[in-house]
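# A structural walkthrough
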Amino acid sequence: MATKTMTAVACAVLALTGAATAAQAAAAAAAAKPAQPAPQAAATAYDPALAARTGADAQGMRKYVLVILKTGPNPMPDGEQRKAMFAGHFANMERLAKAGKLALAGPFGKDPDGWRGLFVLAVDDVEQARALVASDPAVAHGEFVAEYHRWYGSAATMLIPELHEKLQAPAAPAK
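Residues numbered from 1 in each chain as written. Predicted model: local features only at pLDDT ≥ 70, side-chain atom pairs only at ≥ 80, totals over all residues. Heavy atoms only, no water.

Threshold: UniProt positions are given in the numbering used here, feature names are shortened, and annotations may be inferred rather than shown by experiment.
Named according to an unreviewed UniProt entry, the protein is YciI family protein originating from Lysobacter yananisis. Recorded in UniProt under Sequence similarities (unreviewed entry), the annotation for the protein is "Belongs to the YciI family."

Next comes the structure, spelled out in structure tokens:
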């Protein structure tokens, strides 16, 4: 297996660098590969319990609403109120994730169009998403405005919150 991978990589490098034509790269790969019987169809790894838990349809997909958070008309100045508003923003995201409604969230880098962050909400329609986003203190205050888009994506997206918990290091104890 490692030999096949190395041969394929070497052929790809030759083809990409122009040291060999695609035909030469294919011929080199064929010559390096020992004759093998046709592979058997791989057994499916379908997990019906996981599909049900993530809300997957027959294609392993589900409906979501993508929410783009943009800079709003009422930014809060730095200070304790702003800190409290963002603490509420993060607490709200955690609440929605634990309820199985927030599959993915995160900020954007500094953006000239005012894009600040995104949510991927596990709901069927925009009105449900609007109701959930209205509970966010940063949106309620006007720090952010939300833009909504229907999205059909992998049901595996629902696993991100539980995987994220396993990747996040514990907080250091306060001194």
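Still more to cover.
## A closer look at the overall build of the protein
Quick reminder of the rule: The way it works is that DSSP assigns letters per residue, a run of H or I at least four long becomes a helix, a run of E at least two long becomes a strand, and they are numbered from the N terminus. Throughout, exposure labels follow a simple rule: accessible area from a 1.4 Å probe, protein chains only, divided by the maximum for the residue type, with under 20% read as buried, over 50% as exposed, and the rest as partly exposed. For this analysis, residues touch if any pair of their heavy atoms sits within 4.5 Å. Note on areas: Shrake-Rupley with a 1.4 Å probe; residue coverage comes only from the protein chains shown.
The number of helices and strands found in the protein is seven helices and four strands. Starting at the N terminus and ending at the C terminus, the protein contains elements arranged as α-α-α-β-α-β-β-α-α-β-α. Counting the 175 residues in the protein, one finds 27% classified as buried. A fraction of 73% describes how many contacts in the protein between residues 6 or more apart in sequence connect residues 24 or more apart. Surface exposure of the protein reaches about 11,800 Å², of which carbon and sulfur atoms provide 63%.

## Looking at helix α5 (residues 126-133)
Threshold: Arc definition: it is the arc formed by the directions from the helix axis to the C-beta atoms. In protein, a polar contact means a hydrogen-donor-capable atom and an acceptor-capable atom, both N or O and within 3.5 Å, with residues adjacent in sequence counting only if both atoms are side-chain atoms; elsewhere, any N or O pair within 3.5 Å suffices.
Of the positions making up α5, those classed as buried are V126, A129, L132 and V133. Projected down its long axis, α5 shows its buried positions confined to an angular sector of 120°, all on one face. Counted as exposed and oriented over 90 degrees from the buried face of α5: E127 and A131. Looking at the buried side of α5, the elements it contacts are β1 (61-71), α4 (80-98), β3 (115-121), α6 (137-141) and β4 (144-154). The residue sitting at the N-terminus of α5 and contributing the capping side-chain oxygen is D125; that oxygen lies 3.0 Å from the backbone nitrogen of E127.

## Notes on the environment of L66
Topologically, L66 is positioned in strand β1. Counting along the chain gives 55 residues from L66 to L121, while the straight-line C-alpha distance between them is 6.3 Å. For L66, the contacting residues outside a window of four places in its chain are L118, F119, V120, E147, Y148, H149 and W151.

## Section: the nonpolar core
Looking at soluble globular proteins, one finds that nonpolar side chains tend to be buried together. Note the threshold: As used in this record, nonpolar core signifies buried Ala, Val, Leu, Ile, Met, Phe, Trp, Tyr and Cys residues forming a set joined through side-chain atoms within 4.5 Å.
If you look at the biggest cluster of nonpolar residues, it comprises 20 residues, and the most contacted ones within it are V65, V67, F119, L121, V133 and Y148. Every element with two or more residues in this core is listed here: β1, α4, β3, α5, α6 and β4. Residue contacts for V67: discarding those within four places in its chain leaves G117, L118, F119, L121, V133, A146, E147 and Y148. Ranked by size, the runner-up nonpolar core spans seven residues in total, among them Y64, I68, L118 and A122.

## What to know about the packing of aromatic side chains
Stated precisely, the cut-off is as follows: The pairing test for Phe, Tyr and Trp rings, Trp by its six-membered ring, is centres within 6.5 Å, and the orientation test on the planes gives stacked under 30 degrees, edge-to-face over 60, and tilted for anything in between. Should the NZ of a Lys or the CZ of an Arg lie within 6 Å of a ring centre and within 35 degrees of the ring normal, that charge is described as sitting over the ring.
Following the criterion strictly, the structure yields three aromatic pairs and no others. Residues Y64 and W151 carry aromatic rings whose centres are separated by 5.3 Å and whose planes lie at 35° to one another, so their mutual orientation is tilted. Of this pair, Y64 sits in strand β1 while W151 sits in strand β4, and the two are 87 residues apart along the sequence. Its relative accessible area of 1% is what places Y64 among the buried residues. The class for W151 is partly exposed, based on a relative accessible area of 38%. Looking at R62, its charged tip hangs above the ring of Y64, at a distance of 5.3 Å from the centre.

## Describing the environment of L121
Position of L121 among the secondary structure elements: in strand β3. A relative accessible area of 0% places L121 in the buried class. Through-space distance from the C-alpha of L121 to that of A97 is 9.0 Å; in sequence the pair is 24 residues apart. Sequence-distant contacts of L121, defined by excluding residues within four places in its chain, comprise Y64, V65, V67, K101, L102, A129, L132 and V133.

## Here we look at the pattern of salt bridges
Stated formally: Put simply, a salt bridge is a Lys or Arg side-chain nitrogen that is within 4 Å of an Asp or Glu carboxyl oxygen.
If you walk through the whole model with that rule in mind, you get nine salt bridges. Its salt-bridge partner being K70, residue E147 comes within 2.8 Å of it at the nearest N-O pair. Of the two residues, E147 sits in strand β4 while K70 sits in strand β1, which places them 77 residues apart along the sequence. With a shortest N-O distance of 3.6 Å, E80 and K83 are connected by a salt bridge. Here the residue E80 and the residue K83 both occupy positions in helix α4, the gap between them amounting to three residues, near one helical turn. Of the residues examined, K83 reaches a relative accessible area of 57% and is grouped as exposed.

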